[in-house]
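The primary structure of each chain is shown beneath.
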Amino acid sequence: MSRDLCRKAGYTFTFLSDPKAEVIRRYDLLHPGAGVKGQDIARPAEFLVDSSGVIRWANLTEDYRVRARPDQLIEQAGELK
Amino acid sequence: MVGFASLPVLARFPATRDVPWVNLLLFGTGLALLFVGLRRAFVQPKQYRGKIAGPILGALSTVIVALFCFLVFYQTRQLPVSTGAPKVGEKAPEFVLSDTRNQPVSLSSLLSTPFTNTQMPPKGVVLVFYRGYW
């Protein structure tokens, strides 16, 4: 299903699946039961990781309507060497 | 009513999405008109007696405004605290997940695999965790 979504939307970035929410849990981003049918989902978050694997910027929004905007991310990414 | 229906349109613009001031403005105008209408009805009861549509629509509008405010100011902020999430300066936890072609992709491979056009590894990786399920 993700493949169809990516193809239809024309996404070129890497799209990964976390069906058991393992990575979501590892990053402590689980939002239990918040899915439409009561499934466990992730709370929205964005991380910028540099080439050595260190997190340089993290955005865990307090309000799920408000997410990081592309220009914010691009500005942060510009700081990486 | 317009305030509610225009949400999907206004949500596309960051200026109006983060704080839905246009919607609130429209709702405010609606409530003001409602108040004027009610006052007029009470001042001239003979003219307005028996007209039931007004109070019904008025009550419905008030409920819609209340629901909107509840959703926008309370519901969307109900998020877990996530104190264990990796912070700036920490190492991003390694992981391996399947991509859309069912191929395993690890964080370390994303950071080290060079781009085909420049032959250079990326300067970094952006991880975006989506809210949702499909």
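Here the structure is a predicted model, which is why all the values come from computation and not from measurement.

Caption draft 1: Highlighting the overall build of chain B. Helix and strand counts for chain B come out as 7 helices and 3 strands. For chain B, long-range pairs separated by at least 24 residues make up 27% of all intrachain contacts whose partners lie at least 6 apart in sequence.

Caption draft 2: Here's a closer look at the overall build of chain A. On a plain count of helices and strands, chain A comes out with 3 helices and 5 strands. Helices (α) and strands (β) of chain A occur, in sequence order from the N terminus, as α-β-α-β-β-β-β-α. Every one of the 81 residues in chain A was classed for burial, and the buried ones make up 20%. Residue pairs in contact within chain A that sit at least 24 positions apart in sequence constitute 13% of those at least 6 positions apart.

Caption draft 3: Here's a closer look at the sheet that holds strand E3 (residues 124-129) of chain B. Ordered in space as E5(A)-E4(A)-E3(B), the 3 strands form an open sheet in which the pairing is antiparallel. Bordering the open sheet on either side are strand E5 (55-59) of chain A together with E3 of chain B, each of which pairs with just one other strand. With strand direction ignored, the average angle separating the axes of adjacent strands in the sheet is 10°. Pairing analysis gives 6 bridges linking strand E4 (residues 45-50) of chain A to E3(B), with the strands arranged antiparallel. Among the inter-strand pairings, Leu48(A) is bridged to a residue of E3(B), identified as Val126(B). Across the sheet, helix H3 (residues 70-77) of chain A touches E4 and E5 of chain A together with E3 of chain B, and the angle it forms with E4(A) is around 20°.

Caption draft 4: Here's a closer look at the interface of chain A and chain B. Every contact between the two is made by 47 residues of chain A and, on the other side, 41 residues of chain B. Only helix H1 (2-9), strand E1 (16-17), helix H2 (22-26), strand E2 (30-31), strand E3 (41-42), E4, E5 and H3 of chain A provide two or more residues apiece to the side of chain A that touches chain B. Counting residues per element, the side of chain A that touches chain B draws most heavily on E4(A), at 6 residues. In terms of strand pairing, E1(A) meets strand E1 (residues 96-99) of chain B through 2 bridges, oriented antiparallel.

Caption draft 5: Geometry of the sheet that holds E1(A). Pairing in this open sheet of 3 strands is antiparallel, and the strands run E1(A)-E1(B)-E2(B) from one edge to the other. Each edge of the open sheet carries a strand with a single partner, namely E1 of chain A together with strand E2 (104-106) of chain B.

Caption draft 6: Quick peek at the confidence of the model for chain B. Residues and elements named next belong to chain B. Confidence in the prediction of chain B, expressed as mean pLDDT, is 73, and 68% of residues score 70 or more. Counting contacts from residues 1-16, a segment whose pLDDT is below 50, to residues more than four positions away or on other chains yields 19 contacts. On the interface metric, ipTM, the complex scores 0.79, and its pTM is 0.68.

Caption draft 7: Structural detail: the nonpolar core. Among the nonpolar cores identified, the biggest contains 17 residues, and Leu29(A), Ala45(A) and Phe47(A) are the most heavily contacted of them. Those elements that place two or more of their residues in this core are E3, E4 and E5 of chain A. Looking at this core element by element, the count peaks at 4 residues for E4(A). In this view, Phe47(A) contacts Ile55(A), Ala58(A), Pro86(B), Ala92(B) and Leu127(B); residues no more than four positions away in its chain are not counted.

Caption draft 8: Region of the structure containing the pairing of E5(A). Residue and element names in this part refer to chain A. Note that E4 and E5 share 4 bridges and pair antiparallel. Bridging across to E5, Glu46 finds its partner in Asn59. Linking E4 to E5, which pair antiparallel, is a turn of 4 residues; within it Gly53 sits at a positive phi near 90°.

Caption draft 9: Structural view of unusual backbone geometry. In the Ramachandran plot, Asp28(A) falls in the positive-phi region, its phi being about 55° despite a non-glycine side chain. Summarising the element assignment, Asp28(A) is placed in the loop between H2 and E2. Even without glycine at this site, Gln119(B) takes up a positive phi of about 60°. Summarising the element assignment, Gln119(B) is placed in the loop between helix H7 (107-112) and E3. Owing to 7 C-beta atoms within 10 Å, Gln119(B) belongs among the exposed residues under this scheme.

Rules behind the numbers
Along each chain, residue indices are assigned from 1 in the same order as the chain's sequence is written. Chain A is the first chain written and ligand 1 is the first ligand written, with later ones labelled in order. Reporting of local features is limited, given that this is a predicted model, to residues whose pLDDT is at least 70; pairs of side-chain atoms are given and counted only at 80 or more, and all residues count toward the totals for whole chains, interfaces and linings. A run of H or I in DSSP counts as a helix once it spans at least four residues, and a run of E counts as a strand once it spans at least two, with each numbered from the N terminus. With C-beta atoms placed from the backbone, a contact is any residue pair whose C-beta atoms sit within 7 Å. Here a residue counts as buried when 20 or more other C-beta atoms sit within 10 Å of its C-beta, as exposed when there are 12 or fewer, and as partly exposed otherwise, the C-beta atoms being derived from the backbone. At least two bridges found by DSSP between two strands are what make those strands a pair. In this analysis, axes come from line fits to C-alpha atoms, helices being fitted only over the stretch in contact, and the angle between any two N-to-C directions falls in the range 0 to 180 degrees. Scored from 0 to 100, pLDDT reflects the predictor's confidence in each residue. Core membership is restricted to buried Ala, Val, Leu, Ile, Met, Phe, Trp, Tyr and Cys residues, and these are joined into a nonpolar core through C-beta atoms within 7 Å.

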